[in-house]
Amino acid sequence: MAVNVKKIALWRKETEHRPGALAAALEPLAAAGANLRIVLGYTLPGEAGRAVIELFPVSGKKATAAATGSGLAASAIPCLLVEGDDRPGLGARFARAVANEGVNVSFVMAETIGRKFSAVFGFANDADAERASRAIRAAAKPAKPARKR
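Residues numbered from 1 in each chain as written. Predicted model: local features only at pLDDT ≥ 70, side-chain atom pairs only at ≥ 80, totals over all residues. Heavy atoms only, no water.

Participant: What is the right way to look at the confidence of the model for the chain in this model?
Facilitator: Low pLDDT means the predicted atomic positions in that stretch should not be read closely. With 96% of its residues at a pLDDT of 70 or more, the chain shows a mean pLDDT of 94. Predicted confidence in the chain is weakest over strand β3 (residues 38-44), with a mean pLDDT of 94, and strongest over strand β5 (residues 73-74), with 98. (pLDDT = per-residue confidence, 0-100. Helix = DSSP H or I, 4+ residues; strand = E, 2+ residues; numbered from the N terminus.)

Laid out in structure tokens, this is it:
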């Protein structure tokens, strides 16, 4: 099973939680031709009037200028984008492998579409992200079949 793991930078902004805040953040990026793969918006726990918008990728001069102009900035939170062929229990294997390395996951967002999955994991620091990357890659390898006796 092919699984790709790469470090990414989510772009993030805190904003007022109001109708149109998400559209206002995304429209300049759309006008700049950005093709976003991840968009996440949520209210801040305990702060009903505040929200966060996070997205990926932002690359190229036009998209970067549009994102910056919308108040977005590359987040300092180390993140991994993990993608590949889906199969039952894979998320649990990744979670166990990361836990066995003593790494705490700050957040995870995952989905499946058809037979493929995509997940973004966030960590407290770069060292944790690197250890988690190795653990996830190892956990993605198919189990070796039991030897017959």
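Now that the structure has been shown, the text picks up again.
Participant: How should I be thinking about the nonpolar core in this particular structure?
Facilitator: Note on soluble globular proteins: their nonpolar side chains tend to be buried together. Of all hydrophobic cores here, the largest spans 19 residues; its most connected members are Val 3, Leu 80, Val 82, Phe 94, Phe 121, Phe 123 and Ile 136. If you list the elements that add at least two residues to this core, you get β1 (3-8), β6 (79-85), α3 (90-100), β8 (116-123) and α4 (126-140). If near-sequence neighbours (up to four positions away) are discounted, Val 3 is found in contact with Val 82, Glu 83, Gly 84, Phe 94, Phe 117 and Ala 140. One finds Trp 11, Leu 55, Val 58 and Leu 72 within the second-largest nonpolar core, a separate group that totals 11 residues. (Core = buried A, V, L, I, M, F, W, Y, C linked by side-chain atoms within 4.5 Å. Buried < 20%, exposed > 50% of the residue type's maximum accessible area, 1.4 Å probe, protein only. Contact = heavy atoms within 4.5 Å.)

Participant: Mind showing me how you'd approach α3 here?
Facilitator: Every α-helical turn comprises 3.6 residues, leaving residues that sit three or four positions apart pointing alike. Of the positions making up α3, those classed as buried are Leu 90, Phe 94, Ala 97 and Val 98. Down the axis, α3 shows its buried residues gathered within 95° of arc, on one side only. Along α3, the residues that are exposed and aim more than 90 degrees away from the buried face are Ala 92, Arg 96 and Asn 100. The inward-facing, buried residues of α3 abut β1, β6, β7 (105-113), β8 and α4. Looking one or two residues beyond α3, the residue adopting positive phi is Gly 102, at roughly 75°. (Arc of directions from axis to C-beta.)

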